[in-house]
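Residues per chain are reported as follows:
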Amino acid sequence: MDEKIARIVDANCNRVREAIRVIEDVLRFHVESPELSASLKQERHEVCAACDALLGGGIEGLRARDVGADPGRDSMTGSEASRADWKAVLISNFRRAEEGLRVLEEVGKLADPGLSRRFKRSRFRVYDLEKSCLIALEGGSGAD
């Protein structure tokens, strides 16, 4: 795989996994929804498997990774610096996951169209999980 493609894929695989993990933990520990947290965990594992398949077990992404030279590593918008409540945490991380999956879908077409379709299916599952999770937060325990 081209190094620039591997670098984009690696960054977005990390972005999606991290975002889904944040959502998973909010649903597990704050909303206390074992069903939704299990669904998120399953989705995270499916994304990890697709990422590993695309990146040769992850090694191609590691070889292409250059954190020190990443022009976006120190950037942070005002909205990233704080969160108003649990809903904002969920929404920002769902957006992060969805955007990362869209990048993986598009860039994946250059490397493996079959995996690109897996990322698209995952993106739509995340859209559906977003609806369920936000509804659970609003009607669930401890919504701020």
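Here is what the cut-offs are and how they apply
- Residues numbered from 1 in each chain as written.
- Predicted model: local features only at pLDDT ≥ 70, side-chain atom pairs only at ≥ 80, totals over all residues.
- Heavy atoms only, no water.
- Disulfide = S-S within 2.5 Å.
- Helix = DSSP H or I, 4+ residues; strand = E, 2+ residues; numbered from the N terminus.
- Buried < 20%, exposed > 50% of the residue type's maximum accessible area, 1.4 Å probe, protein only.
- pLDDT = per-residue confidence, 0-100.
- Contact = heavy atoms within 4.5 Å.

### With respect to the state of the cysteines
Here's step 1: Evaluation of the coordinates by the stated rule reveals 1 disulfide.
Here's step 2: Through a disulfide, C13 is tied to C51; the S-S separation comes to 2.1 Å. Because the torsion about its S-S bond is -100°, the bridge between C13 and C51 counts as left-handed. Of this pair, C13 sits in helix α1 (residues 3–30) while C51 sits in helix α2 (residues 34–54); the two residues are 38 residues apart in sequence, bridging distant segments of the chain.
Here's step 3: Here C13 falls in the buried class, since its relative accessible area comes to 1%.
Here's step 4: Among the residues examined, C51 registers a relative accessible area of 1% and is labelled buried.

### A word on the confidence of the model for the protein
Here's step 1: On average, residues of the protein score 86 in pLDDT, and 81% of them reach the 70 mark or higher.
Here's step 2: Mean pLDDT values for the elements of the protein range from 61 in helix α4 (residues 78–81) up to 95 in helix α5 (residues 86–111).

### Concerning the environment of P34
Here's step 1: The residue P34 is located in helix α2 in this model.
Here's step 2: What makes P34 exposed here is its relative accessible area of 53%.
Here's step 3: Each C-alpha atom, one on P34 and one on E24, is 9.5 Å from the other, the two residues being 10 residues apart in sequence.

### Brief notes about the side chain of R123
Here's step 1: As for its placement among the helices and strands, R123 is situated in helix α6 (residues 113–139).
Here's step 2: With sequence-adjacent residues up to four places away left out, R123 is seen in contact with E98, L101, R102 and E105.

### Comments concerning the side chain of S122
Here's step 1: Residue placement: S122 occurs in helix α6.
Here's step 2: The class for S122 is buried, based on a relative accessible area of 2%.
Here's step 3: The contacts of S122, once residues within four sequence positions are left out, are E43, V47 and L101.

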